[in-house]
Amino acid sequence: MASITIRQLDESLKQQLRLRAASHGRSMEDEVRTILRAAAVGPAEAPPARAATRRNERVAESPVLVSKPIVPAGHKRVLLIIGGGIAAYKSLDLIRRLRERHMAVRCILTAAAQEFITPLAAGALAGERAFTDLFDAASELDVGHIRLARDTDAIVVAPATADLMAKMAGGHANDLASAVLLATNRPILIAPAMNPAMWANGATQRNLAQLMQDGVVTVGPNAGEMAEAGEAGLGRMAEPLEIASATEALFGDEGGRPLAGKRIIVTSGPTHEPIDPVRYIANRSSGRQGHAIAAAAAAAGAKVVLVSGPVSIPDPPGVRIVKVESARAMFEAVETALPADCAVFAAAVADWRVATPGSEKIKKQKGKAPLPLALVENPDILATISHRKVKRPPLVVGFAAETENVIENAKAKLVRKGCDWIVANDVSPETGIMGGETNSVHLVTAAGVETWPPQSKDGVARALVARIANALTGEQA
Ligand code: C5P
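Residues numbered from 1 in each chain as written. Predicted model: local features only at pLDDT ≥ 70, side-chain atom pairs only at ≥ 80, totals over all residues.

Some details on the overall build of the protein chain
Where we set the bar: Starting at the N terminus, helices and strands are each numbered in turn, a helix being any DSSP run of H or I of at least four residues and a strand any DSSP run of E of at least two. As a rule, residues whose C-beta atom has 12 or fewer other C-beta atoms within 10 Å are exposed, those with 20 or more are buried, and those in between are partly exposed; C-beta atoms are placed from the backbone. The contact rule is simple: place each C-beta atom from the backbone, and if two of them lie within 7 Å, those residues are in contact.
Each helix and strand in the protein chain was counted, giving 17 helices and 21 strands. Within the protein chain, buried positions represent 41% of all 477 residues. Counting only contacts in the protein chain whose residues sit at least 6 apart along the sequence, the fraction spanning at least 24 positions is 68%.

Listed below in structure tokens is the structure:
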């Protein structure tokens, strides 16, 4: 039978073994016996992972000692430090938003963060084990806090608690998060989140001023309801989409801003056409697709004017937003926003409005039939802008929400409206597209029809913005 002694192992393997044994409180020989026993028994009969009682045990017991994610070429690396606050749950969504934007994400959770979310959840979403401890044999051997601080293109702290901000401002380094923040020479973005009284406190404001002087960039906090019942004010963490956009902005031109210097107008959402002061005609558009296009265009460096009908989703970051109610107000806002290099008409504009809306609430009259509503046609914003002789944007994109013969109707619409492209989708109720999260579209141009794979509305927005960038910068789409 073959035999091998520890002395025969090469130095780096011996060092790994020594650390692994030390972290388990075993001799090196015992550690080898444990490894061999586990290997002989096989994964199916391996003893179940012991419920971790201390955080560093959780890491030490992890079967994945070495963690070196493959970062595809051109992807930015983001180290996300998750602080301890109820907003930590939003950081899980932030991981997805960053990855959607082609960023490789590695996470550090502070001890307090682990009271709210687990390293397992963050690691699963990031696709790499999350780091938690400064004095953790496995991670020191694997990457070490200095490498964590340097092997990244930017650090994002979300939520940045009052305590974490104080540590950063004071240069503390008594846990992994603060040590990494002190050791880094990469740009840092913080998304503060705390109770409004803590945010307003002089100490926090002094720390904030210090951090800004040190070159730290902030996003938020926003105003709104707090997790604590009855508390409201400035202190809510910025939304994941806002933080993701602010992260992209950290990379500046380097990150690829193909629409830098271009002006884009986007319409989004439904319109409300008044019947009387309390009633209106509307439709089910959520504004998600239009808002996502505005956000993607802004992230690509464009100056964006978003003309939005009434929606209940947050304003996208980095855009100038003009809020309107009716089709006529939307039309005026679009005209005012001209000239532009491109206009994308994603709004679900009402085709008709009530000819003479009541100036008072229309009353029911007992025994009488309801009043008929006389309708008149609204201006067709897309068609009017497309047919302008002056100030017509060089690229005009319309949408076609159809419930039947999607492509044929879209082709006809391209000609009728005089626009350059139509993004067509099937919005019959069974697709769940109207008001939903995903979209499945065809891009209809004079050159033909492309059918894009079903994807998130953010995905459609990014793909469309990439095509717009190609078209505006010379390449034919
Ligand atoms: O004619 P239809 O409403 O199907 O056309 C949809 C396209 O036209 C969308 O791009 C929509 O934003 C735009 N539109 C418009 N003004 C209208 C009606 C539709 O800009 N009054």
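A look at the packing of helix α8 (residues 162-170) against helix α11 (residues 202-213)
Worth spelling out the cut-off: In this analysis, axes come from line fits to C-alpha atoms, helices being fitted only over the stretch in contact, and the angle between any two N-to-C directions falls in the range 0 to 180 degrees. Just so you know how the angles are binned, under 35 degrees is roughly parallel, over 145 roughly antiparallel, 65 to 115 roughly perpendicular, and the rest oblique. The hand of a helix crossing depends on one turn: near helix anticlockwise from the far one by less than a right angle means left-handed, and clockwise means right-handed. Throughout this entry, Asp, Glu, Lys and Arg are counted as charged residues, while Ala, Val, Leu, Ile, Met, Phe, Trp, Tyr, Cys and Pro are counted as nonpolar. The remaining residues, Gly among them, count as polar.
Between α8 and α11, the shortest axis-to-axis distance is 9 Å and the interhelical angle comes to 50°. Of the possible angle classes, the one that applies to α8 and α11 is oblique. Handedness of the crossing formed by α8 with α11: left-handed. In this structure, α8 contributes Ala162, Met165, Ala166, Met168 and Ala169 to the contact, and α11 contributes Thr204, Asn207, Leu208, Gln210 and Leu211. Counted by class, the contact of α8 with α11 contains seven nonpolar, three polar and no charged residues.

Side note on the site of the ligand
Counted only if it meets this: Any residue whose C-beta atom, as set from the backbone, lies within 6 Å of a molecule or strand is reported as near that molecule or strand.
The full set close to the ligand counts 13 residues, and Phe345, Val349, Ile381, Leu382 and Gly398 are the nearest of them. Elements with a minimum of two residues in the shell around the ligand: α15 (381-386) and β16 (395-402). Among the residues making up the shell around the ligand, the classes are represented as eight nonpolar, three polar and two charged.

Here we look at the environment of Thr384
Along the chain, Thr384 turns up in helix α15. Overall, Thr384 belongs to the partly exposed group, with 14 C-beta atoms counted inside 10 Å. For the pair Thr384 and Gly418, spaced 34 residues apart in sequence, the C-alpha separation works out to 8.8 Å.

Considering the sheet that holds strand β2 (residues 103-109)
Worth spelling out the cut-off: The pairing criterion is simple: DSSP has to find at least two bridges between the two strands.
Taken in spatial order, the five strands make up an open sheet running β2-β1-β3-β4-β5, and their pairing is parallel. The open sheet is flanked by β2 and β5 (217-218), the only strands paired with a single partner. When strand β1 (residues 76-82) meets strand β3 (residues 154-160), the two strands line up parallel, connected through four bridges. By the bridge assignment for β3, Leu80 is matched with Val156. Sheet strands in contact with helix α5 (residues 119-126) are β1 and β2, and its direction is about 170° off that of β2.

Some details on the sheet that holds strand β13 (residues 342-345)
Strand pairing within a sheet occurs via backbone hydrogen bonds; the two strands may be parallel or antiparallel. Taken in spatial order, the eight strands make up an open sheet running β12-β11-β8-β13-β16-β17-β19-β20, and their pairing is mixed. Only two strands of the sheet have a single neighbouring strand rather than two, namely β12 (320-323) and β20 (448-451). On average, each strand axis in the sheet is inclined to that of its neighbour by 15°, with strand direction left out of account. Summarising the sheet, strand β11 (residues 303-308) and β12 pair through four bridges and their orientation is parallel. Note that in β12 the partner of Val307 across the bridge is Val322. Those strands touched by helix α14 (residues 327-337) are β8 (263-268), β11 and β12, and its axis lies near 165° from that of β11. Along the sheet face, helix α17 (residues 457-472) touches β13, β16, β17 (421-426) and β19 (441-445) and points at about 150° away from the line of β16.

Comments concerning the confidence of the model for the protein chain
Filter applied, for reference: What pLDDT reports is the predictor's confidence in each residue, on a scale of 0 through 100.
For the protein chain, per-residue confidence averages 85 on the pLDDT scale, and residues scoring 70 or more make up 85% of the total. Note that pLDDT drops below 50 for residues 43-67; the model gives that stretch 32 contacts with residues more than four away or on any other chain.

A few points about the environment of Asp380
Among the secondary structure elements, Asp380 is positioned in the loop between β15 (375-377) and α15. With 31 residues separating them in the primary sequence, Asp380 and Val349 have C-alpha atoms 8.3 Å apart.

A short note on the packing of helix α4 (residues 88-100) against α5
It is at 9 Å that the axes of α4 and α5 come closest, and there the two elements cross at 15°. One element, α4, and the other, α5, form an angle in the roughly parallel class. Like other packed secondary-structure pairs, α4 and α5 cross with a definite hand, here right-handed. Judged by residue contacts, Leu92, Ile95 and Arg96 of α4 engage Ala121, Ala122, Leu125 and Ala126 from α5. Within the contact of α4 with α5, the residues separate by chemical class into six nonpolar, no polar and one charged.

Section: the pairing of β13
The side chains of a regular strand alternate between both faces of the sheet. Along β13, one buried face is formed by Cys342 and Val344 and the opposite face, lined by Ala343 and Phe345, is buried too. Of the pairings in the sheet, the one linking β8 to β13 comprises four bridges and is parallel in character. Note on β13: the bridge partner recorded for Ile265 is Ala343. Bridging between β13 and β16 involves four bridges; their strand directions are parallel. The residue bridging Val344 from the neighbouring strand is Val397, located in β16.

Some remarks on α4
Spelled out, the test is: Multiplying 1.5 Å by the helix residue count minus one yields the expected span of that helix.
With 13 residues, α4 ought to run about 18 Å at 1.5 Å a step, and its terminal C-alpha atoms sit 19 Å apart, in line with that. Burial in α4 covers these residues: Ala88, Lys90, Ser91, Leu94, Ile95, Arg97 and Leu98. The secondary structure elements touched by the buried residues of α4 are β1, β2, α5, β3 and α12 (240-250).

Examining the environment of Arg186
Assignment of secondary structure puts Arg186 in the loop between α9 (176-183) and β4 (188-192). The exposure class of Arg186 is partly exposed, given the 18 C-beta atoms found within 10 Å. Along the sequence, Arg186 and Val216 sit 30 residues apart, while their C-alpha atoms lie 10.0 Å from each other. If sequence neighbours within four positions are ignored, Arg186 has contacts with Thr152, Asp153, Ala154 and Ile155.

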